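Here's the letter readout for the chains.
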Amino acid sequence: MLQQSEFRGTPSAQAREFLEHLEARVGRLERDSRAEVQTIPELFDAVQARIVELEHAGASLPAEKLRFETVAGTFRRKAKTFLRTVGGTEGLAALRSGRPAAPEQWWWFIDQWWAEQKMAQRRRRVKSLLIGGVVLAIVAVVYVLFLAPDKTVSETIRLQQMAEQLAKVGDDAAALDMVNEALALSSNDASLLAFKGILQMRLGAETEATATFAAAEAAASSREQFFLDRAQIYLVLGQPEAVLADAEAALAANPQSARGYLYLAQANTDLGNFVEAEKQYDEAGRLAGEAGDAEIAAIARVQKAYLYQQLFLPTPTTP
C-alpha cells in the first residue's frame with residue numbers, strides 16, 4: 001500500500017514527486033513485483049488529487065497535466081501486463097474493494113477498459129477481414145480473367161491462403177505443411193519463406209526459423225522488403241506487436257518507406273494507439289504520394305477514415 005505520508009512539501013512539490021514515482025512504476029511495470037505494481041492505481045489517485053487541488057487554488061499546470069496524460073497512455077498500453085501481474089480481474093477487484101472510485105478514476109477499472117478494447121479490436125479485425133476478403137476476391141477474379149496465371153502460381157496462392165486460414169485458428173503444424181507444399185512449387189518465394197519462419201517460431205523451432213528468415217531475406221529484393229513481407233504476414237495473423245517491430249525495422253532500412261508507416265499505423269490501430277496511428281497514416285499517405293504509389297496512398301486514406309470511426313466509440317463507464 002502506498003504511504004502518502006512519506007511524501008512531504010507543498011502540493012505542487014508532492015504532485016511532481018508522485019508523478020515521478022508513477023512514471024517510474026509504469027515504466028518498469030514488466031519487471032516489478034506484484035506488491036509494487038499494486039501501488040499504481042493509488043499513485044494515479046494521488047497525482048489526480050494534487051492536480052485538482054492546485055487547479056482549484058488557481059494554479060496552471062500544463063507540464064504536469066501533459067506528463068499525467070502521457071503516463072496514463074503508457075499505462076493503457078500496458079494494461080494486459082498490469083492485469084496479469086495483479087492477478088487478473090479478480091486481483092484488481094480485490095485491490096479496489098472498499099474504495100469508492102469515481103468514473104474519472106478509470107485506472108481502478110482498467111480490466112473493464114481492457115475488455116472493451118479487446119471486443120472493439122475483434123470487431124475491427126472482423127471488419128478488416130471482411131473488407132480484405134472482398135478486395136482479395138475482386139483482385140483474384142481480375143487476376144484469373146486478365147493475367148491468366150499458370151497452374152503453379154494458382155496452386156501456390158491456394159496453398160498459402162489455406163495456410164493463413166489454418167494459422168489464424170491456431171493449427172500452425174498443418175499451416176506449416178501447406179507452406180512447405182507451396183514452397184515445393186515456388187522455392188524462392190521470399191514471402192512464403194518468411195511465413196514458414198513465423199510458423200516455425202510459433203512452433204518453438206527457433207533455430208530452424210532463424211535459418212528460414214535468413215533465406216527469406218536473401219530471396220527478398222531488399223532488407224526493407226523482407227521486413228515488409230514478414231510484417232504483412234504478421235498483420236494477417238493478428239500479431240500487431242510483431243507488425244510494429246518489423247515495420248520499424250523496415251523504416252530503419254528505408255526511412256521513406258510508405259508501406260512501413262502504413263503497417264505501423266495498422267498495428268497501432270489494432271492495439272488501440274489511435275493518436276500514433278493517425279500520424280502514421282498521414283505519413284504513409286504523404287510518402288506514397290511523393291513516390292507515386294496510388295494504391296498505398298488510397299489504403300492509408302481509407303484506413304484513416306476507419307480509425308476516425310473508432311475514435312468516436314463511446315467511452316466505457318464504471319458501474
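Since we're looking at a predicted model, the values are computed, not measured. (Residues numbered from 1 in each chain as written. Predicted model: local features only at pLDDT ≥ 70, side-chain atom pairs only at ≥ 80, totals over all residues. Heavy atoms only, no water.)

Turning our attention to the overall build of the chain. Each helix and strand in the chain was counted, giving 16 helices and 0 strands. Split into buried and exposed, the 319 residues of the chain put 41% on the buried side. Carbon and sulfur atoms provide 56% of the accessible area of the chain, an area that totals close to 17000 Å². (Helix = DSSP H or I, 4+ residues; strand = E, 2+ residues; numbered from the N terminus. Buried < 20%, exposed > 50% of the residue type's maximum accessible area, 1.4 Å probe, protein only. Areas by Shrake-Rupley, 256 points an atom, 1.4 Å probe, with all protein chains shown as cover.)

Turning our attention to the pattern of salt bridges. Throughout the structure, instances matching the rule amount to 15 salt bridges. When the shortest N-O distance is used, the salt bridge between Arg-25 and Asp-32 registers 3.4 Å. The exposure class assigned to Arg-25 is buried, which follows from its relative accessible area of 17%. Within the structure, one salt-bridge network assembled from shared partners comprises Arg-25, Arg-28 and Asp-32. (Salt bridge = Lys/Arg side-chain N within 4 Å of Asp/Glu carboxyl O.)

Membership of the largest hydrophobic core comes to 36 residues, with the highest contact counts inside it found for Val-179, Phe-195 and Leu-199. For this core, the secondary structure elements donating two or more residues are helix 8 (151–168), helix 9 (172–185), helix 10 (190–202), helix 11 (206–219), helix 12 (223–237), helix 13 (240–253) and helix 14 (258–271). Formed by 31 residues, the second largest nonpolar core is a distinct cluster that contains Ala-15, Phe-68, Ala-72 and Ile-110. (Core = buried A, V, L, I, M, F, W, Y, C linked by side-chain atoms within 4.5 Å.)

Here Asp-229 shows up in helix 12. Here Asp-229 sits buried without a salt bridge, and the closest side chain of opposite charge, Arg-259, lies 4.7 Å off (N-O distance). In contact with Asp-229, other than residues within four places in its own chain, are Ala-190 and Ser-191. (Lys, Arg positive; Asp, Glu negative; His and termini not counted. Contact = heavy atoms within 4.5 Å.)

A cluster of basic residues, Lys-80, Arg-84, Lys-118, Arg-122 and Arg-123, forms a positive patch on the protein surface. Taken together, the elements giving at least two residues each to the positive patch come down to helix 5 (79–86) and helix 7 (110–147). A total of 3 residues in the positive patch trace back to one element, the largest contributor, which is helix 7. Residue position: Lys-118 is located in helix 7. (Patch = residues over 30% accessible without salt bridge, like charges linked within 9 Å, V, L, I, M, F, W, Y side chains within 5 Å. Charge placed at Lys NZ, Arg CZ, Asp CG, Glu CD.)

This part takes up helix 8. Between its first and last C-alpha atoms helix 8 spans 26 Å; for 18 residues at 1.5 Å apiece the expected length is 26 Å, and the two agree. Residues of helix 8 that are buried include every one of Thr-156, Leu-159, Gln-160, Ala-163, Glu-164 and Ala-167, and no others. All buried residues of helix 8 lie within an arc of 140 degrees about the axis, which places them on one face of the element. Lining the buried residues of helix 8 we find helix 9, helix 10 and helix 12. Once helix 8 ends, the next one or two residues include Gly-170, with phi positive near 90 degrees. (Expected span 1.5 Å × (residues − 1). Arc of directions from axis to C-beta.)

All right, on to the packing of aromatic side chains then. Within the structure shown, the criterion is met by 10 aromatic pairs. Ring geometry for Phe-44 versus Trp-106: centroids 5.7 Å apart, planes at 55 degrees, classification tilted. Remark: Trp-106 occurs in the loop between helix 6 (88–96) and helix 7 and Phe-44 occurs in helix 3 (residues 40–56); sequence separation between them is 62 residues. Seen from their ring centres, Phe-213 and Phe-226 are 6.3 Å apart, and the 65 degrees between their planes marks the pair as edge-to-face. A residue pair is termed long-range when its members are at least 10 positions apart, and Phe-213 in helix 11 and Phe-226 in helix 12 qualify at 13 residues. Among the aromatic residues, ring-to-ring pairing joins Phe-44, Phe-68, Phe-75, Phe-82, Trp-106 and Trp-107 into one connected group. Sitting above the plane of the Trp-106 ring, Arg-76 keeps its charged end 4.0 Å from the centroid. When the ring centre of Phe-213 is taken as reference, the NZ or CZ atom of Arg-230 above it lies at 4.4 Å. (Phe/Tyr/Trp six-rings, centres within 6.5 Å; stacked < 30°, edge-to-face > 60°. Lys NZ or Arg CZ within 6 Å of the ring centre and 35° of its normal.)

A few words on empty space enclosed by the protein. One way to see where empty space is left: roll a probe the size of a water molecule over the atoms. Taken as a whole and assessed by the stated rule, the structure comprises 1 cavity of 30 Å³ or more. Considering the residues around the largest cavity, the lining is formed by Trp-113, Trp-114, Gln-117, Lys-118, Gln-121, Asp-270, Leu-271 and Gly-272. Contributing elements (two or more residues each) for the lining of the largest cavity: helix 7 and helix 14. In terms of residue class, the lining of the largest cavity is built from 3 nonpolar, 3 polar and 2 charged. (1 Å grid on protein atoms, 1.4 Å probe; cavity = no way out; pocket = protein on both sides within 12 Å on 5 of 7 lines; lining within 4 Å. Points joined across faces, edges and corners; volume = space filled by probe spheres on them. Nonpolar A, V, L, I, M, F, W, Y, C, P; charged D, E, K, R; others polar.)

It is worth spelling out the confidence of the model for the chain at this point. With 85% of its residues at a pLDDT of 70 or more, the chain has an overall mean of 84. With pLDDT under 50 throughout, residues 3–7 is counted as low confidence; its partners more than four residues away or in other chains account for 8 contacts. Confidence drops under a pLDDT of 50 for residues 313–319, and excluding neighbours within four residues, the segment shows 9 contacts in the predicted structure. (pLDDT = per-residue confidence, 0-100.)

Packing of helix 14 against helix 15 (residues 274–291) brings their axes to within 8 Å, and their N-to-C directions diverge by 160 degrees. Taken together, the axes of helix 14 and helix 15 lie roughly antiparallel to each other. Helix 14 and helix 15 meet at a crossing whose hand is left-handed. Facing helix 14, whose interface residues are Ala-258, Tyr-261, Leu-262, Leu-264, Ala-265, Gln-266, Asn-268 and Thr-269, helix 15 presents Phe-274, Glu-276, Ala-277, Gln-280, Tyr-281, Glu-283, Ala-284, Leu-287 and Ala-288. Residue composition of the contact of helix 14 with helix 15, by class: 11 nonpolar, 4 polar and 2 charged. (Axes fitted to C-alpha atoms, helices over the stretch in contact; angles between N-to-C directions. Parallel < 35°, antiparallel > 145°, perpendicular 65-115°, else oblique. Left-handed = near helix turned anticlockwise from the far one by under 90°.)

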